[in-house]
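Now for the letters of each chain:
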Amino acid sequence: MVILDQTRLPEEQVELELRTADDLVEAIRALRVRGAPLIGITAAMGLAALGRQAERAGIPRNELIREARDCAARLMAARPTAVNLAWAVKRLERVLGAPTSTDSPGLARRLAEEAEAIRSQDARMCRRIGEHGLALLGGGHRVLTHCNAGVLATGGIGTALAPVYLARERGMSVRVLVGETRPLLQGSRLTAWELGQAGIEVTVLTDGATGALFHLEPPDVVLVGADRIAANGDVANKVGTYSLAILARHHGVPFYVLAPTSTVDLEAETGGDIPIEHRAADEVRRGFGRTTTAEHATVWNPAFDVTPADLVTAVVTEQGICRPPYRSALRDAASSVTEPGG
């Protein structure tokens, strides 16, 4: 299995070969591959690759199921906040538990088919999210985003950045502002890189400068992705999103969350039910090769924060635009999914 190692961007584009389950888990945990939809796709593809390995090695079906389930459990523990990971893995687990072919080749084929269905479904969902989100840009095309929710994070044209790509495709002028996104700079390293590759104008600002931007020249709209959306509309996304939502509300700027229905977790009643991943202290202390924090200082490094639903103008899924009250709107959107396996 081959991935683009996102930890090496933007300096170099390096393809990384993953040959074992350990490689797969490490790549997801270390953010070599990241973005809620994409880590779900990657996990599914990884389990399918495990099936292909078992087929080539002549491993019996029961042993393949045992190894795949062990790998699935490790994958779901690797990044606990993004619900798409568990969503995709559970779809592959349903294949493992189905009374289909009794041999490894048949099971490997079904795993590969389901993994490809997840990837192609995500690409279609991204396009639909973009179509719905494009209508929200109105006459203003100065977009502020956070972290990375584009092609590097999904199987298609992104979630939060999907309307931007469609605007560019249709000849509309669009400018994107992105915070650098501490501590690993997914905004400045990844979003700025991918938008530049697409010829879209992008400006990077430090996370601490966002308030000054809103005060002096606020954006027309804020578009962010999500790693998990609770039933009441609370949104878990990359840490720093909550601050943006408060600034947007204070300055009267629409704040939209764009995500597929696979990111909606109706079992999480509120944001308080969403597990928040905490990352290693060294990502802050020496994340880019130099020590930047006093060794004696402790580090608080949550990967995500939760934005309360009352700060969210609307949630955009592939099913359409959900507005308050979110509990009924999100339930209706999730129940409208008719794609195979969705």
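For the structure itself, look to the data block above.
This report concerns the structure included in the present document. (Residues numbered from 1 in each chain as written. Predicted model: local features only at pLDDT ≥ 70, side-chain atom pairs only at ≥ 80, totals over all residues. Heavy atoms only, no water.)

1. Looking at the sheet that holds strand E3 (residues 142–145)
In step 1: One open sheet accounts for seven strands, arranged E5-E4-E3-E6-E9-E12-E13; its pairing is mixed. The open sheet has two edge strands, strand E5 (201–205) and strand E13 (320–322), and neither has a second partner. Across the sheet, the axes of successive neighbouring strands diverge by a mean angle of 25°, strand direction being ignored.
In step 2: Pairing of strand E12 (residues 314–317) with E13 involves three bridges; the strand directions are antiparallel. By the bridge assignment for E13, valine 316 is matched with isoleucine 321.
In step 3: The sheet strands contacting helix H5 (residues 104–134) are strand E9 (255–258), E12 and E13, and the helix crosses E12 at an angle near 140°.
In step 4: Strand contacts of helix H7 (residues 186–197): E3, strand E4 (175–179) and E5, with the helix running at about 165° to E4, the strand carrying the most contacts. (Pairing = 2+ DSSP bridges. Helix = DSSP H or I, 4+ residues; strand = E, 2+ residues; numbered from the N terminus. Axes fitted to C-alpha atoms, helices over the stretch in contact; angles between N-to-C directions. Contact = heavy atoms within 4.5 Å.)

2. Brief notes about the side chain of threonine 81
In step 1: Looking at the secondary structure, you find threonine 81 in the loop between helix H3 (61–78) and helix H4 (83–97).
In step 2: Take threonine 81: its relative accessible area is 0%, and that puts it in the buried class.
In step 3: With near-sequence residues (within four places) excluded, threonine 81 lies in contact with Asp227, Arg228, Ala236, Ile274, Pro275, Ile276, Glu277 and Phe304. (Buried < 20%, exposed > 50% of the residue type's maximum accessible area, 1.4 Å probe, protein only.)

3. Focus on the pairing of E5
In step 1: Here five bridges tie E4 to E5, and the two strands are oriented parallel to one another. In the strand pairing of E5, leucine 177 is matched with threonine 203.
In step 2: At this point the chain moves from E4, through H7, to the parallel E5, and the crossover so formed is right-handed. (Right-handed = clockwise from strand over helix to strand, strands pointing away.)

4. What to know about the nonpolar core
In step 1: Within the largest apolar cluster, 38 residues are counted, with the highest numbers of intra-cluster contacts made by Ile28, Leu47, Cys71, Leu75, Val89, Leu107 and Leu111.
In step 2: Mapped onto this core, the elements with two or more residues apiece are helix H1 (21–29), helix H2 (36–57), H3, H4 and H5.
In step 3: Element by element, the count of residues in this core is highest for H2, at ten residues.
In step 4: Among all residues touching leucine 75, those that are not within four sequence positions of it are Leu24, Val25, Ile28, Ala43, Leu47, Leu85 and Val89.
In step 5: Of all hydrophobic cores here, the second largest spans 27 residues; its members include Val257, Leu311, Cys322 and Tyr326. (Core = buried A, V, L, I, M, F, W, Y, C linked by side-chain atoms within 4.5 Å.)

5. Considering the side chain of threonine 263
In step 1: Counting through the fold element by element, threonine 263 comes out in the loop between E9 and strand E10 (264–265).
In step 2: Within the local environment of threonine 263, its side chain forms a polar contact with the side chain of asparagine 84, the two groups lying 3.1 Å apart.
In step 3: Setting aside chain neighbours within four positions, we find threonine 263 in contact with Val83, Asn84, Ala226, Asp227, Arg228 and Ile229. (Polar contact = N/O pair within 3.5 Å; in protein donor to acceptor, adjacent residues only side chain to side chain.)

6. Some details on unusual backbone geometry
In step 1: With omega at 5°, the peptide bond leading from arginine 182 into proline 183 counts as cis.
In step 2: With an omega dihedral of 0°, the bond running from proline 324 to proline 325 counts as a cis peptide bond.
In step 3: Tracing the backbone through its elements, the reader meets proline 325 in the loop between E13 and helix H11 (326–335).
In step 4: Positive phi, normally seen in glycine, also occurs at threonine 181, with a value near 70°.

7. Some remarks on the environment of alanine 73
In step 1: With respect to the element layout, alanine 73 can be found in helix H3.
In step 2: For alanine 73, a relative accessible area of 44% corresponds to the partly exposed category.
In step 3: Counting along the chain gives 132 residues from alanine 73 to leucine 205, while the straight-line C-alpha distance between them is 38 Å.

8. Points about the sheet that holds strand E8 (residues 235–238)
In step 1: Sheet architecture is open: four strands sit in the order E10-E7-E8-E11, paired in mixed fashion. Because the sheet does not close on itself, it has two edges, and the strands there are E10 and strand E11 (304–307).
In step 2: Two elements, strand E7 (residues 228–230) and E10, share two bridges in a ladder whose sense is parallel. Counted as the bridge partner of isoleucine 229 is valine 264 from E10.
In step 3: Contacts between helix H9 (residues 241–250) and the sheet are confined to E8 and E11, with E11 contributing the most and set at about 35° to the helix.

9. Brief notes about H11
In step 1: The complete set of buried residues in H11 reads Tyr326, Ala329, Leu330 and Ala333. The buried residues of H11 all sit within an arc of 90° when viewed along its axis, so they share a single face.
In step 2: Buried residues in H11 make contact with E7, E10, E12 and E13. (Arc of directions from axis to C-beta.)

10. Description of the pattern of salt bridges
Side chains carrying opposite charge are able to pair once their charged atoms draw close together.
In step 1: All told, the structure shown has 21 salt bridges when counted by the stated rule.
In step 2: The salt bridge involving aspartate 22 is made with arginine 74; its shortest N-O contact spans 2.5 Å. Linking aspartate 22 in helix H1 with arginine 74 in helix H3, this pair joins segments that are 52 residues apart in sequence.
In step 3: By relative accessible area, which is 47% here, aspartate 22 ends up partly exposed.
In step 4: Note on arginine 74: relative accessible area 30%, which makes it partly exposed.
In step 5: The closest approach of N and O atoms between glutamate 269 and arginine 327, which form a salt bridge, is 2.8 Å. Of this pair, glutamate 269 sits in the loop between E10 and helix H10 (282–285) while arginine 327 sits in helix H11, and the two are 58 residues apart along the sequence.
In step 6: Residue classification places glutamate 269 among the partly exposed positions, given a relative accessible area of 41%.
In step 7: Judged by its relative accessible area of 36%, arginine 327 falls in the partly exposed class.
In step 8: Where salt bridges share partners, they join Arg79, Glu277, Arg279 and Glu283 into one cluster. (Salt bridge = Lys/Arg side-chain N within 4 Å of Asp/Glu carboxyl O.)

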